[in-house]
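Residue-level listing of the chains:
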Amino acid sequence: MSTETWALAAAIITMAAMSAVGIAYARTRRQNIEDFVSARGSIGGATAMATMTASLLGAWILFSPAEAATWAGMAALIGYGIGQAAPIVAFTIVGPRMRKLAPNGHSLSEFVWQRYGRAMYVLTLLIILLYMFTFLAAEMGAIARAVGAVADAPLLLTLVLVGAATLAYTVYGGLRASIFTDNIQFAVIIPLLLAVLVAVFAHFGGWTKAFDTVREENAALLDVTQLHGIEFGLTLVIAILAANLFHQGLWQRVYAARTDDDIRRGFLTAGAIVVPLIVAAGLFGFWAVSGGLVNDDHPASIALFTLALEVLPGWALVILLALALMLVMSSMDTLLNGMASVFTTNLSRIRGGRGLLGSTRLITALLIIPAAVVGFAFDSVLYLFLIADLVCAGAMVPVFAGMWSRRLSGTGAAVGAVAGIGVGALFFPTRTLSGWWTWDGLTNVWHILASGNLLASFLLAVAVSSGVTGLFILAARRRNAREFNLEALADEIRPLESGV
């Protein structure tokens, strides 16, 4: 058989195997809606580490880091790694805090509803769904193009197959099935990625010669002091930190952990694992550039796979495709479960516990359709992420300040978030807004303070939202406004009704 045939067979086997394992596990236990959505207090530190790592390492790791490396270099890769570790560290702080304030909670949106009221709740809900839907669409689009490049399979066929395989066990088993399959995926993902990396090194003749090739063609990519790369790296730290704090799939794992210590041990270990893996995946972008493999016909978003087709033997291509599918299924099930749980907690407020489990399963299945359509239409994974990340960056401080500040009102949080998002959007690089204004006096002080600059966009989103939020808190203190009773949240946020 040809390499393409072997690769397609490996893809189908991988998807079928993961789906079968997830379904088999789900059949061993009877679930109520609480188990399906939160799996509360069911995992220890080791499982928390495995499920966080697998959930974070979606197929994007084979696309976005390499894409960033092709034009922003090593500094951007380091920033990417640090950025992905930053929210994991942040969860060791905000996670235990949330569990203390709302021990029976399920989602960030529940907290915002009780803490801030309707306006901020609607905004936060939209942000959560926007980010997670973008993530899901990007994952589906990325894997479809990867399978198409390696196995010559139509995009639509891949989207249907990977969507159906992931839905099969996610709809049936919920969060517990997702966490169980994460453990298997964690055990397989790292060895497969290392095997592909070793195969590339072998092709180039070792570590030193592999980087000699990059130095000869574009030495600037390896320069960690390159200003452009440093700026983009800083942008990624802010963007990834903000976005993942709105990732409902990660909040589910906060509540699934048995203790706060399990969160700290498991999450911090996951962070230590994720950073070097992201940097390693990004190296493929350097080699693709040095080989002249990034062009109009081969976009930077698939640099790793373009390189793989040129230099890897058939067996390594099969492993790479299996790795990509394991990665995408590990993140897709997390995203589908996360979005479904957000809808479920809102449905429970409207209609109580009647039929919640069936509704949740239906919502999970329906979400895959629009995500597949968007994934089919967009070919830049990184750009899709950055749009959603900016919205999260503008809302981050207003949302989480209310976990500690008793004087921040819902109006203050909402105004701060909208102001941050709005100002950040004015500086975001788009075809219509980039270059819409210049002010030499300002840009001469700091060159990034111009329209169309990513770092300016993200920094201003955070700075403006923080400043406005701080002003509202100070104003409330000066007029001695009534403080919010944070302790009351524990009574207001209750478990979902049990049901089947």
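Every chain is numbered on its own, with residues counted from 1 as its sequence reads. Confidence filtering applies because this is a predicted model: local features only for residues at pLDDT of at least 70, side-chain atom pairs given and counted only at 80 or more, and all residues used for totals across whole chains, interfaces and linings. Each side-chain value is worked out from all heavy atoms of the structure, with water and hydrogens disregarded.

**A few points about helix α3 (residues 45–56)**
(1) Moving on: In this model α3 runs 16 Å from its N-terminal to its C-terminal C-alpha over 12 residues, within 8% of the 16 Å that 1.5 Å per residue would give.
(2) Moving on: Per-residue accessibility, obtained with a 1.4 Å probe over protein chains only, is compared with the maximum for each type, and a residue is labelled buried under 20%, exposed over 50%, and partly exposed between these values. A run of H or I in DSSP counts as a helix once it spans at least four residues, and a run of E counts as a strand once it spans at least two, with each numbered from the N terminus. Burial in α3 covers these residues: Gly-45, Ala-48, Met-49, Ala-50, Thr-51, Met-52, Thr-53, Ala-54, Ser-55 and Leu-56. Here, expected helix span is obtained from the residue count minus one, scaled by 1.5 Å.

**Considering the side chain of Arg-99**
(1) Moving on: You can see Arg-99 is positioned in helix α4 (residues 64–101).
(2) Moving on: Under this definition, polar contacts are N or O atom pairs within 3.5 Å; protein pairs additionally need one hydrogen-donor-capable and one acceptor-capable atom, and for neighbouring residues in sequence, both atoms have to be side-chain atoms. At a separation of 2.7 Å, a polar atom in the side chain of Arg-99 contacts the main-chain carbonyl oxygen of Val-254.
(3) Moving on: In terms of polar contacts, Arg-99 uses its side chain to reach the backbone carbonyl oxygen of Arg-258, at 3.1 Å.
(4) Moving on: Throughout, a contact is declared for two residues whenever any of their heavy atoms are within 4.5 Å. Ignoring anything within four residues of it in the chain, the contact list for Arg-99 reads Val-254, Tyr-255, Ala-257, Arg-258, Thr-259, Asp-260 and Ile-263.

**A short note on the packing of aromatic side chains**
(1) Moving on: Two rings from Phe, Tyr or Trp (for Trp, the six-membered ring) form a pair when their centres are within 6.5 Å of each other. A pair whose planes differ by under 30 degrees is stacked, one over 60 is edge-to-face, and the rest are tilted. Counted under the stated rule, the structure contains 14 aromatic pairs.
(2) Moving on: For the ring pair Phe-284 and Trp-287, a centre distance of 5.7 Å and an interplane angle of 85° mean the geometry is edge-to-face. Taken as a pair, Phe-284 and Trp-287 lie in helix α11 (residues 260–290) at a separation of 3 residues, close to a single helical turn.
(3) Moving on: By relative accessible area, Trp-287 is classed as buried at 1%.
(4) Moving on: Ring-pair connections join several aromatic residues into one group, and the members of that group are Phe-91, Phe-246, Trp-251, Phe-267 and Phe-400.
(5) Moving on: A positively charged side chain is recorded as over a ring if its NZ (Lys) or CZ (Arg) lies within 6 Å of the ring centre. The angle to the ring normal must also be within 35 degrees. Positioned above the aromatic ring of Phe-484, the side-chain terminus of Arg-115 is 4.5 Å from the ring centre.

**Some words on the packing of α11 against helix α12 (residues 303–311)**
(1) Moving on: Throughout, an axis means a line fitted to C-alpha atoms (over the contacting stretch in the case of helices), and angles, computed between N-to-C directions, take values from 0 to 180 degrees. Running from N to C, α11 and α12 cross one another at 65°; their axes reach a closest spacing of 8 Å. You can see that α11 and α12 cross each other, and the crossing is left-handed. Touching Ala-281, Phe-284, Gly-285, Trp-287 and Ala-288 of α11 are Ala-303, Leu-304 and Leu-307, all from α12.
(2) Moving on: Considering only residue class, the contact of α11 with α12 consists of 7 nonpolar, 1 polar and no charged. Take the far helix as your reference; a near helix turned counterclockwise from it by less than a right angle gives a left-handed crossing, and one turned clockwise gives a right-handed crossing. Residue polarity is assigned by list, with Asp, Glu, Lys and Arg as charged and Ala, Val, Leu, Ile, Met, Phe, Trp, Tyr, Cys and Pro as nonpolar; anything else, Gly included, falls into the polar class.

**Some points on empty space enclosed by the protein**
(1) Moving on: Put plainly, a pocket is an open set of points on a 1 Å grid over the protein atoms alone with protein on both sides within 12 Å along at least five of seven lines, a cavity is a set where a 1.4 Å probe fits but cannot get out, and a lining residue has an atom within 4 Å of a point. Grid points are joined across faces, edges and corners, and a volume is the space filled by probe spheres set on the points. A full pass over the atoms with the stated rule returns 3 cavities of 30 Å³ or more.
(2) Moving on: Taken as a whole, the largest cavity encloses approximately 150 Å³ of empty space.
(3) Moving on: Tyr-80, Gln-84, Tyr-131, Ile-240 and Phe-385 are the residues nearest the centre of the largest cavity, which is lined by 14 residues in total.
(4) Moving on: At the level of secondary structure, the elements contributing two or more residues to the lining of the largest cavity comprise α4, α6 (118–151), α9 (227–244) and α15 (381–401).
(5) Moving on: Residue classes in the lining of the largest cavity are distributed as 11 nonpolar, 2 polar and 1 charged.

**Observations concerning the confidence of the model for the chain**
(1) Moving on: Taken over all residues, the pLDDT of the chain has a mean of 84, while the share at 70 or more is 91%.
(2) Moving on: Across the chain, the secondary-structure element scoring lowest on mean pLDDT is helix α17 (residues 440–443), at 60, and the one scoring highest is helix α18 (residues 454–478), at 94. pLDDT measures the predictor's confidence residue by residue and takes values from 0 up to 100.

**What to know about the environment of Leu-460**
(1) Moving on: Within the secondary structure, Leu-460 sits in helix α18.
(2) Moving on: Among residues more than four places away in sequence, those in contact with Leu-460 are Val-423, Phe-427 and Ser-465.

**Quick word on unusual backbone geometry**
(1) Moving on: The phi torsion at Asn-480 lies on the positive side, around 55°, for a residue other than glycine.
(2) Moving on: Within the fold, Asn-480 resides in the loop between α18 and α19 (489–492).
(3) Moving on: Look at Asn-480 and you get exposed, because its relative accessible area is 60%.

**As for the environment of Phe-201**
(1) Moving on: Here Phe-201 lies in helix α7 (residues 155–204).
(2) Moving on: The spatial distance from the C-alpha of Phe-201 to the C-alpha of Phe-211 is 9.6 Å, given a sequence separation of 10 residues.
(3) Moving on: Those residues in contact with Phe-201, other than ones at most four positions away along the chain, are Gly-206, Trp-207, Ala-210, Phe-211 and Trp-287.

**Things to note about α4**
(1) Moving on: The first and last C-alpha atoms of α4 sit only 36 Å apart over 38 residues, clearly below the 56 Å expected at 1.5 Å per residue.
(2) Moving on: The element α4 is extensively covered by neighbouring structure, given that 32 of its 38 residues are classed as buried.

**Some thoughts on the packing of α4 against α9**
(1) Moving on: Two elements in contact, α4 and α9, have axes separated by 7 Å at closest approach and are oriented at 30°. On the basis of the axis angle, α4 is roughly parallel to α9. Two packed elements cross with a definite hand, and for α4 against α9 that hand is right-handed.
(2) Moving on: When its residues are assigned to classes, the contact of α4 with α9 shows 17 nonpolar, 7 polar and no charged. Small angles under 35 degrees read as roughly parallel and large ones over 145 as roughly antiparallel, with 65 to 115 read as roughly perpendicular and the rest as oblique.

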